[in-house]
Amino acid sequence: MTVRLGDIAPNFDAPTTQGDINFHDWLGDSWGVLFSHPKDFTPVCTTELGYVAKIKPEFDKRNVKVIGLSVDSVESHLKWESDIGETQGTPVNFPMIGDTDKTVANLYDMIHPNASDTMTVRSVFVIGPDKKVKLQITYPASTGRNFEEILRVIDSLQLTAKYKVATPANWTDGDDVIIGGAVTDEEAKQLFPQGWTTVKPYLRVLHQPGK
Ligand code: BEZ
């Protein structure tokens, strides 16, 4: 199945390292990050899961629940978790789905047969409180993800959900933003009485609202 931006994230029931879940119920009113890794007991994945565990407070601060997945079993994940805690310095503090029958992998198109027909690719889905898919990125097995980038996109998504703005290239929280293209100057005067700089009629730069 293909999952596209704006689609409702497919719901599923699955076993995890923290008990059985129904995905939508587990998300509740939170934002969510669902990310897959190719295989347990592999080096890049070990560093990724350790890093996510370390920065979990950053996800918590943003009201984002994080959940991992591979087609290995929950029992395998649990055995591997002790290695991750030992080698990466932070115990895994979020659930990992044991997707042995590939239900979730198939729902989210996480198996790309021309890359591998047995392992999931490194997918990342960010899901909003409305259960809609806001971001998806796919990395190859050989490249560990940059989770700071995931946090950066979540900051942008949360800001642009609140204000009619967009964020420019390489934006990080606190940088100037751009007034959304659909906002007329008349509307912008109401929305942003603090004013903005018009670089071009289509490029209006504004201090980040709320900062
Ligand atoms: C890794 O996590 O190190 C990895 C997993 C599958 C294929 C290649 C690398």
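Shown above is the structure to which this text applies.
Rules of the game
- Residues numbered from 1 in each chain as written.
- Predicted model: local features only at pLDDT ≥ 70, side-chain atom pairs only at ≥ 80, totals over all residues.
- Heavy atoms only, no water.
- Helix = DSSP H or I, 4+ residues; strand = E, 2+ residues; numbered from the N terminus.
- Buried < 20%, exposed > 50% of the residue type's maximum accessible area, 1.4 Å probe, protein only.
- Polar contact = N/O pair within 3.5 Å; in protein donor to acceptor, adjacent residues only side chain to side chain.
- Contact = heavy atoms within 4.5 Å.
- Salt bridge = Lys/Arg side-chain N within 4 Å of Asp/Glu carboxyl O.
- Pairing = 2+ DSSP bridges.
- Axes fitted to C-alpha atoms, helices over the stretch in contact; angles between N-to-C directions.
- Expected span 1.5 Å × (residues − 1).

Engineer: Explain the side chain of Arg-145 to me, please; I cannot follow it from the model alone.
Structural biologist: Inspection of the secondary structure assignment puts Arg-145 in the loop between β7 (133–139) and α6 (147–162). Arg-145 sits in the buried class, given a relative accessible area of 8%. Looking at Arg-145, its side chain comes within polar contact range of the main-chain oxygen of Ser-36, at 2.8 Å. Within the local environment of Arg-145, its side chain forms a polar contact with the backbone oxygen of Ser-123, the two atoms lying 2.9 Å apart. For Arg-145, the contacting residues outside a window of four places in its chain are Phe-35, Ser-36, His-37, Glu-48, Arg-122, Ser-123, Val-124 and Tyr-139.

Engineer: Please explain the pattern of salt bridges as it appears in this structure.
Structural biologist: Close approach of charged atoms allows side chains of opposite charge to pair. Taken as a whole and assessed by the stated rule, the structure comprises 12 salt bridges. Residue Lys-164 is joined to Glu-187 by a salt bridge in which the shortest nitrogen-to-oxygen separation is 2.8 Å. One end of the pair, Lys-164, is in the loop between α6 and β8 (165–166); the other, Glu-187, is in helix α7 (residues 185–191), and 23 residues separate them in sequence. The network of salt bridges with shared partners includes Glu-58, Lys-61, Arg-62 and Asp-155.

Engineer: Would you take a moment to explain the sheet that holds strand β3 (residues 31–36) for this structure?
Structural biologist: Strand pairing in a sheet takes place through backbone hydrogen bonds and is either antiparallel or parallel in direction. Taken together, 5 strands build an open sheet; the order of strands is β5-β4-β3-β6-β7 and the sheet is mixed. At either margin of the open sheet sits one strand with a lone partner, and together these are β5 (96–98) and β7. Adjacent strand axes in the sheet meet at a mean angle of 20°, parallel and antiparallel pairs treated alike. Where β3 and strand β6 (residues 122–127) come together, 4 bridges link them in antiparallel fashion. Bridge pairing in β6 links Phe-35 to Val-124. Packed on one face of the sheet, helix α2 (residues 43–54) meets β3, β4 (64–70), β5 and β6 and runs near 25° to β6. α6 rests against β3, β4, β6 and β7 of the sheet, and its axis sits at about 150° to β3.

Engineer: Help me understand α6, please; the structure alone is not making it clear to me.
Structural biologist: Along an α-helix, a turn takes 3.6 residues, which lines up residues three or four apart on a common side. Taking 1.5 Å of rise per residue, the 16 residues of α6 would be expected to cover 22 Å, and the 23 Å separating its terminal C-alpha atoms lies within 8% of that figure. Buried within α6 are the following residues: Phe-147, Ile-150, Leu-151, Val-153, Ile-154, Asp-155, Ser-156, Leu-157 and Leu-159. You can read the cap of α6 off the contacts: a side-chain oxygen lies 3.0 Å from the backbone nitrogen of Glu-148, and it is on Asn-146.

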